[in-house]
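# Chains, contacts and geometry: an overview
Spelled out, the chains give:
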Amino acid sequence: MTACDSQKSGDASMNKFIDKLMDRMTLEEKIGQLNLPSSGDITTGQARSNNIADKIRAGAVGGLFNIKGVEKIQEVQRIAVEESRLKIPLLFGMDVIHGYETVFPIPLGMAATWDMKAIEQSARIAAIEASADGICWTFSPMVDISRDPRWGRVSEGSGEDPFLGGEIAKAMVYGYQGKGDSAYREKTNIMACVKHYALYGAAEAGLDYNTTDMSRIRMFNEYMYPYQAAVDAGAGSVMSSFNEVDGIPATANKWLITDVLRKQWGFGGFVVTDYTGIMEMVNHGIGDMREVSARALSAGVDMDMVSEGYLSTLQQSLKEGKITEKEIDQACRRILEAKYKLGLFDNPYKYCDTERAKTDIYTDEHRSIARRISAESFVLLKNDKQTLPIKKKGKIAVVGPLANTSSNMPGTWSVAVNMEAPATLVEGLKEVAGDKVEIVYAKGSHLMSDAAYEERATLFGRTLYRDKEKRSDIQMLNEALNVAHGADVVVAALGESSEMSGESSSRTDLNIPDVQKTLLEELVKTGKPVVLVLFTGRPLTLTWEDKNVSAILNVWFGGTEAAYAIGDVLFGNVNPGGKLPVTFPQNVGQIPLFYNHKNTGRPLAEGGWFEKFRANYLDVTNEPLYPFGYGLSYAQFDYSDVRLSTDQIDRNGMLTASVTVTNNSECDGDEIVQLYIRDLVGSVTRPVKELKGFEKVTIRAGESKDISFKITPEMLKFYNSDIQFVNEVGEFEVMIGTNSRDVKKATFSLK
Ligand code: BGC
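Residues numbered from 1 in each chain as written. Predicted model: local features only at pLDDT ≥ 70, side-chain atom pairs only at ≥ 80, totals over all residues. Heavy atoms only, no water.

## So, the overall build of the protein chain
Using the following cut-off: Only DSSP runs of H or I covering at least 4 residues are called helices, and only runs of E covering at least 2 are called strands; the numbering of each starts at the N terminus. Every radius of gyration here is taken over C-alpha atoms, with the globule rule written as 2.2 Å times N^0.38, N being the number of residues. Using a 1.4 Å probe on the protein chains alone, a residue whose accessible area is under 20% of its type maximum counts as buried, one over 50% counts as exposed, and one in between counts as partly exposed.
Looking only at helices and strands, the protein chain features 22 helices and 27 strands. For 751 residues, the compact-globule estimate of 2.2 N^0.38 gives 27 Å, and the protein chain sits close to it at 26 Å. For the protein chain, the spread of C-alpha atoms along the principal axes amounts to about 75 × 70 × 45 Å. Buried residues in the protein chain amount to 63% of all 751 residues.

## Quick word on the packing of helix 17 (residues 425–433) against helix 22 (residues 562–570)
Just so we agree on the cut-off: Helix axes use the C-alpha atoms of the stretch in contact, all axes being lines fitted to C-alpha atoms, and the angles between their N-to-C directions lie in the range 0 to 180 degrees. For classification purposes, an angle smaller than 35 degrees is called roughly parallel, one larger than 145 roughly antiparallel, one from 65 to 115 roughly perpendicular, and anything else oblique. Crossing handedness is defined as follows: a turn of the near helix away from the far one that is anticlockwise and smaller than a right angle gives a left-handed crossing, while the clockwise case is right-handed. For this analysis, residues touch if any pair of their heavy atoms sits within 4.5 Å. In this count, Pro and Cys sit with the nonpolar residues alongside Ala, Val, Leu, Ile, Met, Phe, Trp and Tyr, while Asp, Glu, Lys and Arg are called charged and the others, Gly among them, polar.
Close contact between helix 17 and helix 22 brings their axes to 7 Å; oriented N to C, the two are set at 50°. As the angle between them shows, helix 17 and helix 22 are arranged oblique. Crossing of helix 17 against helix 22: the hand is right-handed. From helix 17, Leu425, Gly428, Leu429, Glu431 and Val432 reach across to helix 22, where they touch Ala563, Tyr564, Ile566, Gly567, Asp568 and Leu570. Considering only residue class, the contact of helix 17 with helix 22 consists of 7 nonpolar, 2 polar and 2 charged.

## Digging into the pattern of salt bridges
The following threshold applies: For this document, the term salt bridge refers to a Lys or Arg side-chain nitrogen within 4 Å of an Asp or Glu carboxyl oxygen.
Here the structure, examined in full by the defined rule, presents 47 salt bridges. When the shortest N-O distance is used, the salt bridge between Glu376 and Lys696 registers 2.7 Å. Of the two residues, Glu376 is situated in helix 16 (residues 364–377) and Lys696 in strand 22 (residues 690–699); the sequence distance between them amounts to 320 residues. Here Glu376 falls in the buried class, since its relative accessible area comes to 13%. Judged by relative accessible area, which is 23%, Lys696 ranks as partly exposed. Its salt-bridge partner being Glu496, residue Arg538 comes within 2.6 Å of it at the nearest N-O pair. Pair noted here: Arg538 is in the loop between strand 15 (530–535) and helix 21 (543–548) and Glu496 is in the loop between strand 14 (489–495) and helix 20 (514–525), with a separation of 42 residues, a long-range link. Salt bridges sharing partners connect three or more residues here, namely Asp54, Arg57, Glu75, Arg78, Glu82 and Glu83.

## A word on the confidence of the model for the protein chain
For clarity, the threshold we go by: A residue's pLDDT is the predictor's confidence in that residue, given on a scale from 0 to 100.
Across the protein chain, the average pLDDT comes to 95, with 96% of residues at 70 or higher. Confidence drops under pLDDT 50 across residues 1–8; counting only partners more than four residues distant or on other chains, this segment forms 19 contacts.

## Things to note about the domain arrangement of the protein chain
The condition is simple: All domain edges in this entry derive from an automatic or database-based domain assignment.
Segmentation of the protein chain into domains returns domain 1 (93–342), domain 2 (362–570) and domain 3 (635–750). A separation of 36 Å is found between the C-alpha centroids of domain 2 and domain 3.

## A look at a positive patch on the surface
Operational definition: Patch criteria: residues need more than 30% relative accessible area and no salt bridge. Like-charged residues are merged within 9 Å; nonpolar side chains of Val, Leu, Ile, Met, Phe, Trp and Tyr are merged within 5 Å. Throughout, the Shrake-Rupley method with a 1.4 Å probe supplies accessible areas, and for residues the shown protein chains are the sole cover considered. The charge count includes Lys and Arg as positive and Asp and Glu as negative, but it does not include His or the ends of the chains. Charge positions are represented by NZ for Lys, CZ for Arg, CG for Asp and CD for Glu.
On the surface, Lys16, Lys20, Arg24 and Lys87 cluster together into a positively charged patch. Here Arg24 lies in helix 1 (residues 12–24).

## Some words on the sheet that holds strand 3 (residues 91–94)
Operational definition: When DSSP finds two or more bridges between two strands, those strands count as paired.
Judged by pairing direction, the sheet is parallel, and its 3 strands sit side by side in the order 2-3-4 without closing on themselves. In this open sheet, the two strands that pair with only one neighbour each are strand 2 (63–65) and strand 4 (137–138). Pairing of strand 2 with strand 3 involves 3 bridges; the strand directions are parallel. Of the residues in strand 3, the one forming a bridge with Leu64 is Phe92.

## Concerning the nonpolar core
Filter applied, for reference: The criterion is simple. A nonpolar core is a set of buried Ala, Val, Leu, Ile, Met, Phe, Trp, Tyr and Cys residues joined through side-chain atoms within 4.5 Å.
With 139 residues, the main nonpolar core has Trp137, Tyr197 and Met224 as its most contacted residues. Among the elements that take part in this core, helix 6 (residues 116–132) stands out by supplying 9 residues, more than any other. Counting residues in hydrophobic clusters, the runner-up holds 78 residues, among them Ala423, Leu447, Leu520 and Leu534.

## Some words on the sheet that holds strand 21 (residues 669–679)
Taken together, 5 strands build an open sheet; the order of strands is 19-27-26-21-22 and the sheet is mixed. The sheet terminates laterally at strand 19 (648–649) and strand 22, the two strands that pair on one side only. Taken together, the 2 bridges between strand 19 and strand 27 (residues 743–750) define a ladder with parallel strand orientation. Within the sheet, the bridge partner assigned to Gln648 lies in strand 27 and is Ser749.

## Overview of the packing of aromatic side chains
Heads up, the rule is: Any pair of Phe, Tyr and Trp rings, taking the six-membered ring for Trp, is counted once the centres come within 6.5 Å. Such a pair is stacked with planes under 30 degrees apart, edge-to-face with planes over 60 apart, and tilted for the rest.
The final tally for this structure, using the stated rule, is 24 aromatic pairs. Each ring, one from Phe163 and one from Phe694, has its centre 6.1 Å from the other, and the planes form 75°; the classification is edge-to-face. Here the residue Phe163 occupies a position in helix 7 (residues 162–177), and Phe694 occupies one in strand 22, the gap between them amounting to 531 residues. Judged by its relative accessible area of 17%, Phe694 falls in the buried class. Plain terms: the ring middles of Phe732 and Phe748 are 5.4 Å apart, the flat faces sit at 15° to each other, and that makes the pair stacked. Taken as a pair, Phe732 in strand 26 (residues 730–737) and Phe748 in strand 27 lie far apart in primary sequence, 16 residues in all.

## Some thoughts on helix 10 (residues 254–264)
If you check which residues of helix 10 are buried, you get Leu256, Ile257, Thr258, Val260, Leu261 and Arg262. Phi for Gly266, located one or two positions after helix 10, is positive at around 75°.

## Comments concerning the environment of Ser131
The cut-off we apply is this: Here a polar contact is taken to be a pair of N or O atoms separated by no more than 3.5 Å, where protein atoms must pair a possible hydrogen donor with a possible acceptor and residues adjacent in sequence count only if both atoms sit in side chains.
Mapped onto the elements of the fold, Ser131 is located in helix 6. Placed 230 residues apart in sequence, Ser131 and Ile361 show a C-alpha to C-alpha distance of 9.6 Å. Ignoring any residue separated from it by four or fewer positions in sequence, one finds Ser131 in contact with Lys187, Thr188, Ile190, Tyr351 and Arg356. Within the structure, the side chain of Ser131 is placed 3.4 Å from the backbone oxygen of Lys187, a separation counted as a polar contact.

## Observations concerning unusual backbone geometry
With omega at 10°, the peptide bond leading from Ser140 into Pro141 counts as cis. For the bond from Lys195 to His196, the omega torsion is -5°, close enough to zero to count as cis. In this structure, His196 sits in strand 5 (residues 193–197). One non-glycine residue, Asp246, lies in the positive phi region at around 55°. Tracing the sequence through the fold places Asp246 in the loop between strand 7 (244–245) and strand 8 (248–249). In the Ramachandran plot, Trp413 falls in the positive-phi region, its phi being about 55° despite a non-glycine side chain. By the element assignment, Trp413 lies in the loop between strand 12 (394–399) and helix 17. Relative accessible area serves as the criterion here: at 11%, Trp413 is assigned to the buried category.

## Side note on the packing of helix 12 (residues 289–299) against helix 13 (residues 309–319)
Where helix 12 meets helix 13, the axes come as close as 9 Å, and the angle between the chain directions of the two elements is 90°. It follows that helix 12 is roughly perpendicular to helix 13 by the angle criterion. Counting all contacts with helix 12, which are made through Met289, Arg290, Ser293, Ala294, Ala296 and Leu297, the residues of helix 13 involved are Gly309, Tyr310, Thr313, Leu314, Gln316 and Ser317.

Next up, the structure:
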């Protein structure tokens, strides 16, 4: 038996139920289960289905997505279970990406917490709220590794590291679905969909939807693990990606979907395309609608999101012998199994409890958890002369086009949020500062000087910064400088608008936009301490800011409670402890820049500068501005040397690597202790370091803590040139530190 014979696996009563149901289904009804139109409420592409209600009655729809509101969903489900011949309930999906109405930080920000419990809890709360509003399926987690911050969707994933990404993928799946046998038991558990399988984050030039091409060895060592980890955690569905893999679009790639995902990894759920993924293969140039639909089905794709290629062509392809009835049956069965596991055949209205919709969404409890987690996601990039925390007294100038907007706070893919709900930064700071502080606000600039660019960067109707603005650039700047001159500290709220990252938001220039940068330069010239509160969905190039601004707090997009959380950190109620899950380059020309690169035959000495005929640039060092894993604290953590329990193990052995971390400061703080390993000699070239473990600890002022990591031979495995997952004997370097650059080292060998 193979894992792709899903009818033979799993639960006997489910199989019996589905066998009986499928015996009664016509070919049209089976194909209907494979059809996933968009409701039209929220769309990301062009195509939409017409006459959805009629199609549901005719049994031509398997699920719908992005409808908001339990009553609407209940009504559509009613049509399915009362007015269609076989009364098969529908799946209701949505992009619940980082929360529902209570919104958590964007995924890249969540990754910066390195806190798996918090990440799982955020997904759990998202599931509780979404399920209370009729949703049983989320298109999350997004686990695409990306090393290219030009790609706007870097904001939706966990950054550049496969190990961290894999840990997060598991935590998200557990949060949504529950674990193991208990998955979907509760009516608050929803089905996860791992996306975008595969390699979507490796789009050439960071251009969204662009071609990807890489060797299998890189694919398996550096990109695949998070998808596999999510599958191992039990994810019920997988979304195929828009891009090609090895010259074949993922959605028609049998090797990817059947051989790797199902046979090698044992995935037993269903595969859905991305939005119009089938239709787009016509543009990719691998055939007409009939051809690409047939290829998708044969590759192992079960559900067609929006294209309606399956609905309109599979019958004909069957007649022509391009596909088999078995392939249709298998896909249909997988969709029915998901519905069965979710409990929809027992109760199609399981997720339509209108009472829960009133009590379980955007609750005080959820919001206070979101506030805590939001603060945890912030990364302190610079803090010269202890500019932060700001004392709760005197006058603070809060300046910038992002300081007084609600709708910019939640971040990209906040589909279900009420855009008016979040406090603005000014409101949040006033609330946290209390009445001993005077807060004065000035906008200071537009988002950017080019109005047309600004419009593109605020599409989706979120924040139209220019709309009501009557003042000229110079008037806005002068007003801000006046306010700054009269203040003790300036808080500059600058960076990207929320829609400058996310889908279809690639950028080639990663500076803070022009007019905002001018504003910042002028604020610095006032001589006042300037705290840059940086909103961003991706690494930006901050070389000037790092040199000239007193303090930089990267707050990503922190969700509905971000404004209060920023206040908590700026005023020192919370000590920031987030660490970067992605490298911040010095400039765009260094991209792709990532910590786990190879050594090359002509490496530059660590920390070195230009040497002729070495791997380096003429104009800039090889170093990032801020390395992977970097982030400061109001506390000061010092690391001892690394202690190893032994310097030699065999394949059944294990060793412990420990350090003592001391908090040499007067405030308590969280530190994320990171373990990296380098395989010094391999049958294939190996990275200069790879993250293999981390631990987040709270260390009180003056206290020392011993942190230990177990190192097992399993952790030393990698894919060799035959794509076998092996370990090889030899020497290894262990590195432990506060980020990927500043580490203490020791060596051991595997015999
Ligand atoms: C995105 C997916 C998303 C889907 C449905 C697509 O454009 O790539 O991430 O889940 O739309 O909204």
